[in-house]
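Here is what each chain is made of, one letter per residue.
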Amino acid sequence: MEEYRDRLPMSEATPVVTLREGGTPLIFSERLSERTGAEVWLKYEGTNPTGSFKDRGMSLAISKAVEEGARAVICASTGNTSASAAAYAAKAALTCGVIVPRGKTASGKLAQALVHGATVLQVDGSFDAALRICRSLHERYPVELVNSVNPYRIEGQKTGAFEVVDFLGRAPDVHVMPVGNAGNITAYWQGYQEEVAAGRIRRGPVMRGYQAAGAAPIVRGEVVAEPSTIATAIRIGHPASWQPALAAARDSGGSIRSVTDRQILQAYRRLAREGVFVEMASAASIAGLLDLSDAGELAKGARVVCVLTGHGLKEPDWAISGASQPPIIRDDTAVAAQMLGIEP
Ligand code: AN7
């Protein structure tokens, strides 16, 4: 946040609440580049302090809440927003309340919200119900809402686009990312447009957003009452930033489409096999990239940035259930060598 202070709505008086978010790596993927014929870069947001891109926006939202004298913050979340809100609220010594959908929040994310001292409620319903309650709490009680309907969240998250341009020295041709509540695609597009306005790039990339097939309201053009997908982070049926996301796709010559859970799971495994551990929702980026490539919609040599929004350690159950139980051995070198397939 400090690095881009002059491009964020911060004054001298704003107390910056930071855990050193941002500055995440852009990793070149030899294998995805070979597979697609494009030049594929992975913006790995899992290295943020709480393991997801949410920290960029949360740093600013909590900073502004402190500046404006708030004592308590609330949010609805599929998991990552609550983990981030809980951590930054703890840093700022604010009270934090979060509402998550019952039984559909990854264990690592719940652990984070709890360990940082947030009060966690589970609603019998989806994220959309949780957000309805939080909006109404915000209207009736003196609590700050730190979901991405809070404009400071979007402002903070746009720094991802600044980093991409700073690193590549130009805009990518294509930008691929998952879409849930649609705040992040809104933020990236705003960031790219600001880079254009500042004369750093001539035009922004083609924006390609991906929802999960069972939770694809924007693709279908209607609210999904009971969203369903293994990518619980993007299990959202009524996105708050629906219109700005559509505008980003339209104005950039891009699209918002969907990928199936099967495509997401395959992309998750593929990424892990090249050393990059992400959560299911993040793998939707790569499922989308491969879909574009297979449909012949990716130009040879196009420079592509795929945002990997969250760390795989948040939902370790997926990694463990897909593997066999590691065998148990005695303290015996020869046996270990044999079991590891190491020849003399
Ligand atoms: C890993 O935490 O909505 O389209 O409540 O955790 O900006 O919503 C999370 C969303 C993608 C989608 N990847 O971003 C929440 C929440 C991961 C996420 C998204 C989320 P948006």
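Please refer to the structure placed before this passage.
Okay, so let's go over this structure. Computed from a prediction, not measured in an experiment: that's the story for all the values here. (Residues numbered from 1 in each chain as written. Predicted model: local features only at pLDDT ≥ 70, side-chain atom pairs only at ≥ 80, totals over all residues. Heavy atoms only, no water.)

1. A look at helix α5 (residues 127-140)
Now for step 1: Here α5 contains 14 residues, and its C-alpha end-to-end distance of 20 Å stays within 8% of the 20 Å for a straight helix at 1.5 Å per residue.
Now for step 2: Every buried residue belonging to α5 is among Phe127, Asp128, Ala129, Ala130, Leu131 and Cys134, and all of these are buried.
Now for step 3: Taken together, the buried residues of α5 touch β3 (72-76), β4 (95-101), β5 (119-123) and β6 (144-145). (Helix = DSSP H or I, 4+ residues; strand = E, 2+ residues; numbered from the N terminus. Expected span 1.5 Å × (residues − 1). Buried < 20%, exposed > 50% of the residue type's maximum accessible area, 1.4 Å probe, protein only. Contact = heavy atoms within 4.5 Å.)

2. Observations concerning the sheet that holds strand β1 (residues 26-28)
Now for step 1: Reading across from one edge, β1-β2-β10-β7-β8-β9 is the order of the six strands in this open sheet, with mixed pairing throughout. Of all strands in the sheet, those with a lone pairing partner are β1 and β9 (255-259), marking the two edges. The mean angle between the axes of side-by-side strands here comes to 25°, regardless of whether they run parallel or antiparallel.
Now for step 2: Where strand β8 (residues 206-212) lies against β9, five bridges are found, and the strand directions are parallel. Looking at β9, one finds that Arg208 is bridged to Ser255.
Now for step 3: Along the sheet face, helix α7 (residues 159-168) touches β1, β2 (39-44) and β10 (303-308) and points at about 135° away from the line of β2.
Now for step 4: Most of the contacts of helix α12 (residues 280-294) go to β10, to which it runs at about 155°, and overall it touches β2, β7 (174-178), β8, β9 and β10. (Pairing = 2+ DSSP bridges. Axes fitted to C-alpha atoms, helices over the stretch in contact; angles between N-to-C directions.)

3. Considering the sheet that holds β6
Now for step 1: Read from one edge of the open sheet, four strands run β5-β4-β3-β6, paired in parallel fashion. Sheet topology places β5 and β6 at the edges, where each strand pairs with a single neighbour.
Now for step 2: Sheet strands in contact with α5 are β3, β4, β5 and β6, and its direction is about 155° off that of β3.

4. Here we look at the nonpolar core
Now for step 1: Formed by 35 residues in total, the largest nonpolar core has its most connected members in Leu42, Ile264, Ile286 and Val304.
Now for step 2: Every element with two or more residues in this core is listed here: β2, β7, β8, α11 (261-272), α12 and β10.
Now for step 3: The leading source of residues in this core is α12, at nine residues.
Now for step 4: Apart from the residues lying within four places of it in its own chain, the contact partners of Val304 are Ala38, Glu39, Val40, Trp41, Val174, Val176, Leu289 and Leu298. (Core = buried A, V, L, I, M, F, W, Y, C linked by side-chain atoms within 4.5 Å.)

5. Overview of the packing of α7 against helix α8 (residues 183-197)
Now for step 1: Close contact between α7 and α8 brings their axes to 7 Å; oriented N to C, the two are set at 50°. On the basis of the axis angle, α7 is oblique to α8. Once α7 is placed against α8, the crossing between them reads as right-handed. Note on element contacts: α8 touches α7 through Tyr188, Gly191, Tyr192, Glu194 and Glu195, opposite Gly160, Ala161, Phe162, Val164 and Val165.
Now for step 2: Along the lines of polarity and charge, the residues of the contact of α7 with α8 split into six nonpolar, two polar and two charged. (Parallel < 35°, antiparallel > 145°, perpendicular 65-115°, else oblique. Left-handed = near helix turned anticlockwise from the far one by under 90°. Nonpolar A, V, L, I, M, F, W, Y, C, P; charged D, E, K, R; others polar.)

6. Some thoughts on the side chain of Ser52
Now for step 1: Along the chain, the position of Ser52 falls in the loop between β2 and α2 (54-67).
Now for step 2: Ser52 gets classed as buried once you look at its relative accessible area, which sits at 0%.
Now for step 3: Contacts of Ser52, omitting those with residues within four sequence positions, involve Glu45, Asn80, Thr309, Gly310 and Lys314.

7. Details of unusual backbone geometry
Now for step 1: The backbone of Arg20 shows a phi angle near 70°, a positive value even though the residue is not glycine.
Now for step 2: Position of Arg20 relative to the elements: it lies in the segment before β1.
Now for step 3: Looking at Arg20, the relative accessible area reads 66%, which means it is exposed.
Now for step 4: Positioned with a positive phi, Ala182 is a non-glycine residue whose angle comes to about 75°.
Now for step 5: Tracing the backbone shows Ala182 in the loop between β7 and α8.
Now for step 6: Residue class for Ala182 comes out buried when judged on its relative accessible area of 4%.

8. Re the packing of α8 against helix α10 (residues 242-252)
Now for step 1: It is at 8 Å that the axes of α8 and α10 come closest, and there the two elements cross at 45°. Taken together, the axes of α8 and α10 are oblique relative to one another. Relative to α10, α8 is oriented so that their crossing is left-handed. Two secondary-structure elements touch here, α8 through Ile185, Thr186 and Trp189 and α10 through Pro244, Ala245, Ala248, Asp251 and Ser252.
Now for step 2: Looking at the contact of α8 with α10 residue by residue, the classes come out as five nonpolar, two polar and one charged.

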